[in-house]
Amino acid sequence: MSEIRSIFNRIAPVYDQLNDWLSLGQHRIWKEMTVKWSAAKTGDKVLDLCCGSGDLAFRLARRIGQTGKVEAVDFSPELLEVAKQRSKDYYPTPSINWIEADVLELPFDDNQFDAATMGYGLRNVTDIPLCLKELHRVLKTGATCAILDFHRPESTLMRGFQQWYLDNLVVPAASQMGLKEEYAYINPSLERFPSGREQIKIARDVGFAQTVHYPIANGMMGVLVVTKE
């Protein structure tokens, strides 16, 4: 966990560029879809796990309005600082509480949140079932969470394209910025990450009765949507 945290601390200054490179600039559309699938509404108390530089948290804040509240959690103090600085550009100031914490041990009581999101975080946690179990614990009955992340496509052709893109565009760009080693984590993280079907099974095993996985971008992305009953 400490190794992963140090990687994200080091890439914090270029984190948003990383998402642009990895998503071919499409991540903003996918984040809007993720917030919509979370079913967050005006006045809700919502949770954004692995909030990074704040993109999903800002979108959630706009959706729930000034009567709502966002708790945004990340384990990287550097990324949280980037998010706090970005929040100064938003008016009116969004109602977001930035929290440095481990998603495997959330600092919240049971049954607290009306909705939740998670972007590019599940793939990097050291214990996916425990992360989803903690999420299930803090959500209210009937609450939904939408989890966005990169995937290895099932299609051989698309897997080949993804690998070519990483090897020939993302890694060279990272190398020019002195971050080649930091970006090396992407390939092994994709190889380890459960498929959409496997994610559904894990989510059901920890207690989510309603689960669905939406493949995006020819399987290179996906959103897992889970609801607590």
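Residues numbered from 1 in each chain as written. Predicted model: local features only at pLDDT ≥ 70, side-chain atom pairs only at ≥ 80, totals over all residues. Heavy atoms only, no water.

Labelled according to an unreviewed UniProt entry, the protein appears under the name 2-phytyl-1,4-naphtoquinone methyltransferase, originating from Calothrix parasitica NIES-267. Per UniProt, the protein has the following entry under Catalytic activity (unreviewed entry): "demethylphylloquinol + S-adenosyl-L-methionine = phylloquinol + S-adenosyl-L-homocysteine + H(+)". Listed under Sequence similarities (unreviewed entry) in UniProt, the entry text for the protein is "Belongs to the class I-like SAM-binding methyltransferase superfamily. MenG/UbiE family." (UniProt positions renumbered as here; feature names shortened; annotations may be inferred.)

Structural notes on the pattern of salt bridges
Counted by the stated rule, this structure contains 13 salt bridges. Across the pair R62 and E32 runs a salt bridge whose closest N-O atoms are separated by 3.8 Å. Of this pair, R62 sits in helix α4 (residues 55–64) while E32 sits in helix α3 (residues 27–37); the two residues are 30 residues apart in sequence, bridging distant segments of the chain. In this structure, the salt-bridge partner of E134 is R137, at a minimum N-O distance of 2.7 Å. Of this pair, E134 and R137 are both found in helix α6 (residues 128–138), three residues apart, which corresponds to roughly one turn of the helix. Classification of E134 as buried rests on a relative accessible area of 11%. A relative accessible area of 22% places R137 in the partly exposed class. Through salt bridges with shared partners, a single ionic network connects K31, D55 and R86. (Salt bridge = Lys/Arg side-chain N within 4 Å of Asp/Glu carboxyl O. Helix = DSSP H or I, 4+ residues; strand = E, 2+ residues; numbered from the N terminus. Buried < 20%, exposed > 50% of the residue type's maximum accessible area, 1.4 Å probe, protein only.)

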